[in-house]
Structures are given as structure tokens and as C-alpha cells.
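Coordinate analysis (summary)
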Amino acid sequence: MIEVVASMARGPVFLAGELLECLITFTNPISHLSTSASSEMLAWASAQIHCQFHASENRVALPAHGNKQDVQADSDTVLIPSRGERGQCVLDTPPKILFCDLRLDPGENSYSELVPVDGPPSFRGQAVKYVYKLTIGCQRVNSPIKLLRVPFRVLVLQGMPEPPFPHDEEVSPSNPFLEEEEASRRDATALERALDMLMVTTSRRCPHMFNITNTRGKVAKFCIFKTVYRLGEDIVGTFNFSEGDIPCLQYSVSLQSEEEIQQQYQRRPGQAISVTGHGRHLESCLHTASSHFSLPIPLNVTPGFSTDIVTLRWRLHFEFVTAREPMEPPTVLQNQSEVTVWAGAEHVDVDTFSWNLPVKVLPTNPALASYVSQFTGTNSINI
């Protein structure tokens, strides 16, 4: 048996447009005992990237593709990277031939390819899934093709504003005393430039103030320092209840994603949007002058994006419980030496209301996201 091992040394997460590099090792365990006449021969091997699309039949109505079928699809000597995969192949790169007619001694082959920038990100939603894989096909002489698949994750940078600097200017501060550093910045890769722009976009702070009100009056003033975040960042907000006229008994803040199928692909008219929660902060705040919350954005979620079929958006969902009547705070006498116990009212008439605040979630450094990835970036097969 010949062992084929594929390993992505940098990790299993990549930014669209980044160079994916994979080390592919072909090993014949008995090659050192074999003569040239009896050593194994491999006819060829190739590799390519493809993206599989899955859709829930209960939520997504896809157009029929007709009865067109590749006459060679059933042949086991034709390379079809998506053979045996569920769903549709919506994106693939041209195959790259690694070798032909190889007499196998222990050796390595390196594969590199730019991750396409025009594809969707990796996404596992309630109605739609996009899954990326690197497929390596190889064939021994007079044998069927064997496929080795290595799943990986792709982050796509969508919704970025136009660069505030010309392309020939630096995005990040530079050291005027280091000429080598200046030269290296000019030769920066596309990934480094994208990460610099991502850092600039998500580092801008501009406090946004909101008055939280219901039909009875003002409840609180809310402040959030920015509305654009990277994966892994904390969303921090503060409440000032001292400026409110209506007592607030409790509030909660949830980080949620909204998965909306485009109207022309909805299974039913007016189909509901799928909402998924990714964290929640709950706090009782009666007689509280101020409060704050901090919600981390998980590294393994998908940033906002939009395709012809689905749109993913992010929001903060607020829920408030307020009293209908004023509630007097407990009275504490000055110089009181005894401990005073205050008991809340047994029955309070309340109102509840909610509010949604859209936020923008962008990717982060792929190397950072690799630490929590469900993929290992390595796989092997025996042929």
C-alpha cells in the first residue's frame, strides 16, 4: 500500500485571496527493500480546491438544472473532485498536475493555489451550507482513481469601506529609521495589506448614544463605542439608568446572527428569517444607576456576507423589563449601625419591550482563527 499524506502547515483557515500551501507526501513503505523492477508506479496525481453548496429543501427552492450529465461522471478513471459529495459544486479551481508516471521512492510534493476571492465564505447555517475542501486525486497504474480530501475554512472580507489611503501609501505607521522595514512594507503580501486595512477599520472608535424609551417615557441612555468588530473581539456597551424616568427591573443583551434566504429562492412567500444566538448577558438592574455588558464574538462563527442565495447579518438584541409605577429605593439612615434588610415587592406590574441594533462583524487573522478550528488541516489515505 502507498500512503498519501496532505498537511497544511500554516493551519486550516485562510482568507479569500490568500495563497494556500499544502505539503503532499507519497510514501512507499517497502521501497527501500524493492528493486527498480518491482517498485510501485503512480500514473499521475493532481490537486484542486472546490466548494460544495448544501441547501435545506424545506427552506430553499433552487432552480432545476435540467438533465445534463457528464457522460464520464460514472467512470472511475476520470477525476471528479466532488464525486460522492453531497450538494452542488459552486466553485472550483483548475486542477494542478503534481506528477505523471512517478516511480515511487519516499518524496514530497508541494501544492499552492490562491483561494478564489469571488466565492462565498465557509458557512454552516440552518438553511444553507458552504464547505471548502482541497481534493487530491491520484491513480496507480491499472487501478481506479483515489481521492484524498482535506477540509478547510475560508473567510471572506465583504462590506469593507473604500481604502482611506491611496494604494501607494502605508496603512500602518512606519519607522523612518529602518529602511529595511520600509522596503518590506512595500513588498507586503495581499494578506498583510488586507489585515492592515481590517485593523484600521475595526480600530476606529466613535461613541454612539441611544435613548432607550417605551410608550411611558425614557428608560435609560445606552452607549456603544463602535459598531464594526472582528471575530474574537468583545462588544462592550454601557447603560445609564439615572437619566431614565421609568424604573428598569431587568435587561438582557444577546449577540445574534440573521440568515435570510433571498426572496426568489424562498420556499414560501414571507418566509421567516433564521436567527441564531451566540451569547447572552442578563442582569437585574432595579435601583442601579449604571451598568455595562461585554459579549465576546466567537472565533468560529461566520462574518457577515451576501450571495445570490443567502444573506448573513449580525445584530445585538435587547430586551427590557420595566415597572409601570415608580418604585421607591430603600432608605438608609446616616450613621446607622444596624444591618438593614430590604425586601422587594411581591407583585409588580411590568411592561416588556425589545430592540435590535445592527452591528458589522468582519474576519480576523486566519492564523488566530485556526486555533479554534474544527479542522486539523491534515488527512491521509492508503492506495
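Just so you know, these numbers come straight off a predicted model, no measurement behind them.

1. Considerations on the overall build of the protein chain
- Scanning the protein chain from N- to C-terminus turns up 3 helices and 21 strands.
- The burial tally for the protein chain puts 41% of its 383 residues in the buried class.
- Counting contacts in the protein chain only where the partners sit at least 6 residues apart, residues at least 24 apart contribute 77% of the total.
- Within the structure as shown, the protein chain displays about 21500 Å² of accessible surface, and the carbon and sulfur contribution to it stands at 50%.

2. Here's the deal with the pairing of strand S17 (residues 290-296)
- Judged by which residues are buried, S17 turns out to be one-sided: Ser 291, Phe 293 and Leu 295 face inward and are buried, whereas Ser 290, His 292, Ser 294 and Pro 296, on the alternate face, are not.
- Bridge count for strand S14 (residues 234-240) against S17 is 7 bridges, and the pairing is antiparallel. Residue pairing across strands places Thr 238 opposite His 292, the latter belonging to S17.

3. So, the sheet that holds strand S12 (residues 217-224)
- Strand order in the open sheet formed by 4 strands is S11-S12-S14-S17, with antiparallel pairing between adjacent strands. Two strands lie at the open edges of the sheet, namely strand S11 (208-214) and S17, each paired on one side alone. Here the average twist between neighbouring strands, direction ignored, is 25 degrees.
- Both S12 and S14 contribute to a ladder of 4 bridges, which runs antiparallel. Bridge assignment links Phe 222 to a residue of S14, and that residue is Phe 239.

4. Some thoughts on the pattern of salt bridges
- Enumeration over the complete set of coordinates arrives at 10 salt bridges.
- Among the salt bridges present, the one from Arg 216 reaches Asp 351, with a minimum N-O distance of 2.6 Å. Of this pair, Arg 216 sits in the loop between S11 and S12 while Asp 351 is found in strand S20 (residues 350-362), placing the two residues 135 residues apart along the sequence.
- Shared partners join several salt bridges into a network, and the residues in it are Glu 258, Glu 260, Arg 313 and Arg 315.

5. A look at the nonpolar core
- Leu 20, Ile 24, Leu 134, Phe 293 and Leu 316 are the most contacted members of the largest nonpolar core, which totals 80 residues.
- Composition of this core by domain shows at least three residues from each of domain 1 (3-63 + 76-157 + 367-382) and domain 2 (202-328 + 348-362).

6. Observations concerning the side chain of Lys 218
- Here Lys 218 is to be found in strand S12.
- A polar atom in the side chain of Lys 218 sits 3.4 Å from the side chain of Glu 243.
- Filtering out sequence-adjacent residues up to four positions away, Lys 218 remains in contact with Asn 211, Ile 212, Thr 213, Glu 243, Gly 244, Asp 245 and Ile 246.

7. Quick word on a nonpolar patch on the surface
- A grouping of Leu 368, Tyr 371 and Val 372 is seen on the molecular surface, where their side chains present a nonpolar patch of about 340 Å² in accessible area.
- The residue Val 372 is located in the loop between helix H3 (366-369) and strand S21 (378-382) in this model.
- The class of Val 372 is partly exposed, set by a relative accessible area of 43%.

8. Re the pairing of S12
- Where burial is concerned, most of S12 is hidden: 6 out of the 8 residues are buried.
- Relative to S12, S11 runs antiparallel, the two sharing 7 bridges. Each residue of the ladder has a partner; that of Ile 212, found in S12, is Ala 220.

9. Digging into the packing of aromatic side chains
- Scanning the model with the defined rule gives 22 aromatic pairs in all.
- Taking the centre distance of 5.9 Å and the plane angle of 45 degrees together, the rings of Tyr 132 and Phe 152 count as tilted. Here Phe 152 lies in strand S10 (residues 145-155) and Tyr 132 lies in strand S9 (residues 128-140), a separation of 20 residues in the sequence. Here Tyr 132 matches Phe 152 in class, with each residue buried.

10. Section: the confidence of the model for the protein chain
- Averaged over the protein chain, the pLDDT score is 84; the fraction of residues at 70 or greater is 83%.
- No element of the protein chain has a lower mean pLDDT than helix H1 (residues 179-186), which averages 48, and none a higher one than S14, which averages 97.
- In the model, residues 161-171 has pLDDT below 50 throughout and makes 11 contacts with residues more than four positions away in sequence or in other chains.
- Under a pLDDT of 50 for its full length, residues 183-187 has, in the predicted model, 5 contacts with residues more than four places off or in other chains.

11. What to know about unusual backbone geometry
- A positive phi angle, close to 65 degrees, is found at Asn 142, a residue other than glycine.
- Within the secondary structure, Asn 142 sits in the loop between S9 and S10.
- Note on Asn 142: relative accessible area 79%, which makes it exposed.
- Located in the positive-phi region is His 287, a residue other than glycine, with phi close to 60 degrees.
- By the element assignment, His 287 lies in the loop between strand S16 (274-284) and S17.
- For His 287, a relative accessible area of 36% puts it in the partly exposed group.

12. Remarks on the environment of Cys 138
- Counting through the fold element by element, Cys 138 comes out in strand S9.
- With relative accessibility at 2%, the residue Cys 138 sits in the buried group.
- Along the backbone, Cys 138 and Phe 99 are 39 residues apart, and their C-alpha atoms lie at a distance of 9.5 Å.
- Ignoring sequence-local partners within four residues, the contact set of Cys 138 consists of Val 4, Phe 26, Trp 44, Ala 45, Pro 144, Ile 145, Lys 146 and Ile 383.

13. Remarks on helix H2 (residues 190-203)
- Between its first and last C-alpha, H2 extends 20 Å over 14 residues, near the 20 Å set by a 1.5 Å rise per residue.
- Every buried residue of H2 is listed here: Leu 191, Ala 194, Leu 195, Met 197, Leu 198, Thr 201 and Thr 202. All buried residues of H2 project into a common sector of 165 degrees when viewed along the axis, lining one side.
- Looking at the packing, one finds that the buried side of H2 touches strand S2 (13-15), strand S13 (228-230), S20 and H3.

Conventions we followed
Residues numbered from 1 in each chain as written. Predicted model: local features only at pLDDT ≥ 70, side-chain atom pairs only at ≥ 80, totals over all residues. Heavy atoms only, no water. Helix = DSSP H or I, 4+ residues; strand = E, 2+ residues; numbered from the N terminus. Buried < 20%, exposed > 50% of the residue type's maximum accessible area, 1.4 Å probe, protein only. Contact = heavy atoms within 4.5 Å. Areas by Shrake-Rupley, 256 points an atom, 1.4 Å probe, with all protein chains shown as cover. Pairing = 2+ DSSP bridges. Axes fitted to C-alpha atoms, helices over the stretch in contact; angles between N-to-C directions. Salt bridge = Lys/Arg side-chain N within 4 Å of Asp/Glu carboxyl O. Core = buried A, V, L, I, M, F, W, Y, C linked by side-chain atoms within 4.5 Å. Domains from an automatic or database assignment. Polar contact = N/O pair within 3.5 Å; in protein donor to acceptor, adjacent residues only side chain to side chain. Patch = residues over 30% accessible without salt bridge, like charges linked within 9 Å, V, L, I, M, F, W, Y side chains within 5 Å. Phe/Tyr/Trp six-rings, centres within 6.5 Å; stacked < 30°, edge-to-face > 60°. pLDDT = per-residue confidence, 0-100. Expected span 1.5 Å × (residues − 1). Arc of directions from axis to C-beta.

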